[in-house]
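Chain by chain, the residues:
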Amino acid sequence: MKKITKETYLNWYEEMLFWRKFEDKLAQVYIQQKVRGFLHLYNGQEAILAGSLHAMEIGKDRMITAYRNHVQPIGLGVDPKRVMAELYGKATGTSMGLGGSMHIFSKEHNFFGGHGIVGGQIPLGAGMAFGDKYFKRDNVTLCFFGDGAARQGTLHEAFNMAMNWKLPVVFCVENNGYAMGTSVKRTASHEDIWKLGLGYEMPCGPVDAMNPEKVAEAMDEAISRARAGEGPTFLDLKTYRYRGHSMSDAQKYRTKDEVKEYQKIDPITQVLDKIKENEWASEDEIKKIDKRVKDRVSECEKFADESDFPEKDIMYDVVYEQEDYPFLPHKL
Ligand SMILES: Cc1ncc(C[n+]2csc(CCOP(=O)(O)OP(=O)(O)O)c2C)c(N)n1
Ligand SMILES: [Mg+2]
């Protein structure tokens, strides 16, 4: 793995803060009804993305996830202005404004969605890894899903085949404690989701995912194993989400004190504390980073605000259509 240095920490601080503020901005413009539909934010889970990106080979390894998917493509190199425009439903968005929040996608940047069907991306991730193995490419797929998704039957079918064929995939449960309003405690007789790997003899274990360094180390081991042809790993990334499941969540299932407890081990604060302890940046330099982040977020908002909505006609260019099918209303 690349060494974790002062530069890594400074980069982590700036990028994680940018993702946090990008999501905060989305919450704000959602209330202004500039972004509509569902909106699931990533606040609290940033160490997972930061650590994973450090261990990945960018431009080669792939990522697939669920609907909490705005910042991962940004981490992989997609222009954040285009991500925000997609959320606004604007023509300059990553899918011409036709996908929206749950469907960010960029084949060019190895980001394969953006999936609204809970657990749907687990076999898709295994399939992507199958493709790489079949065509003898040494790319690795990181397949992320939630603790709720881990309870889907499809996980077992995908785990079985992935182990049997030694596919180059890292299965990662972003265990944020809740599936909508249902706590992990209520969905099984034990809380150690990683143990689901044991039934398939898949290497597996828990990871402190509030700390990017811990994530990077676990991810590096798993990626190296996959790249060496030794098959999948299952990581139980223990994290927490600060905001509700989506914007329409009254959060009656947890206390404010519980959220505060996790904020004490906030991943961005942990990174900043380490920077300060080691005197890797002065107060002034930190202020400069904060200002850069603020400006970058404002640029995204301005770009999305000023972009046009797509022309209505393009809707018919992007859906599958059978030429001789007689019942299309727009053709009647
Ligand atoms: C197959 C399916 N069942 C139910 C839903 C409704 N649903 C959307 S998100 C969600 C909870 C998933 O929680 P988790 O996997 O823990 O992910 P998190 O939201 O915590 O990131 C549910 C039940 C769905 N989208 N798809
Ligand atoms: Mg969850």
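The rules behind each value
- Residues numbered from 1 in each chain as written.
- Chains lettered and ligands numbered in written order.
- Predicted model: local features only at pLDDT ≥ 70, side-chain atom pairs only at ≥ 80, totals over all residues.
- Pairing = 2+ DSSP bridges.
- Helix = DSSP H or I, 4+ residues; strand = E, 2+ residues; numbered from the N terminus.
- Axes fitted to C-alpha atoms, helices over the stretch in contact; angles between N-to-C directions.
- Contact = placed C-beta atoms within 7 Å.
- Parallel < 35°, antiparallel > 145°, perpendicular 65-115°, else oblique.
- Left-handed = near helix turned anticlockwise from the far one by under 90°.
- Nonpolar A, V, L, I, M, F, W, Y, C, P; charged D, E, K, R; others polar.
- Near = placed C-beta within 6 Å.
- Right-handed = clockwise from strand over helix to strand, strands pointing away.

Going by what an unreviewed UniProt entry lists, the protein chain is known as Acetoin:2,6-dichlorophenolindophenol oxidoreductase subunit alpha and is assigned to Mesonia oceanica.

Would you take a moment to explain the sheet that holds strand S7 (residues 233-238) for this structure?
Across a sheet, strands are paired by hydrogen bonds formed along the backbone, either parallel or antiparallel in direction. Taken in spatial order, the 5 strands line up as S1-S2-S3-S7-S6 in an open sheet, and their pairing is parallel. Looking along the sheet, the strands with just one partner apiece sit at the ends: strand S1 (62-64) and strand S6 (204-208). Neighbour-to-neighbour, the strand axes of this sheet turn through a mean angle of 25 degrees, independent of strand direction. The sheet contact formed by strand S2 (residues 141-146) and strand S3 (residues 169-175) spans 6 bridges and is parallel. Residue Leu-142 lies in a different strand from S3, and its bridge partner there is Val-170. Set on the sheet, helix H5 (residues 121-134) makes contact with S1, S2 and S3; between it and S2 the angle comes to about 175 degrees.

Help me out: how do you make sense of the packing of helix H1 (residues 6-31) against helix H2 (residues 46-55) in this one?
A pair of packed helices is captured by two measures, namely the crossing angle of their axes and the spacing between those axes. The geometry of H1 relative to H2 is characterised by a closest axis approach of 10 Å and an angle of 135 degrees between their N-to-C directions. One way to sum up the angle between H1 and H2 is to call them oblique. Our pair here, H1 against H2, has a crossing hand that is right-handed. Packed against H1, whose contacting residues are Thr-8, Trp-12, Glu-15, Met-16, Trp-19 and Arg-20, the element H2 presents Glu-46, Leu-49, Ala-50 and His-54 at the interface. Across the contact of H1 with H2, the residue classes break down as 5 nonpolar, 2 polar and 3 charged.

What exactly am I supposed to notice about the site of ligand 1 here?
What surrounds ligand 1 is a group of 15 residues, the closest being Val-118, Gly-146, Gly-148, Ala-149 and Ala-179. Taken together, the residues of the shell around ligand 1 sort by class into 7 nonpolar, 5 polar and 3 charged.

Mind showing me how you'd approach the pairing of S6 here?
Along any regular strand the residues' side chains alternate between the sheet's two faces. Bridge count between S6 and S7: 5 bridges; the pairing is parallel. Across the sheet, Cys-204 pairs through a bridge with Phe-234, a residue of S7. The handedness of the S6 to S7 crossover, carried by helix H7 (residues 212-227), is right-handed.

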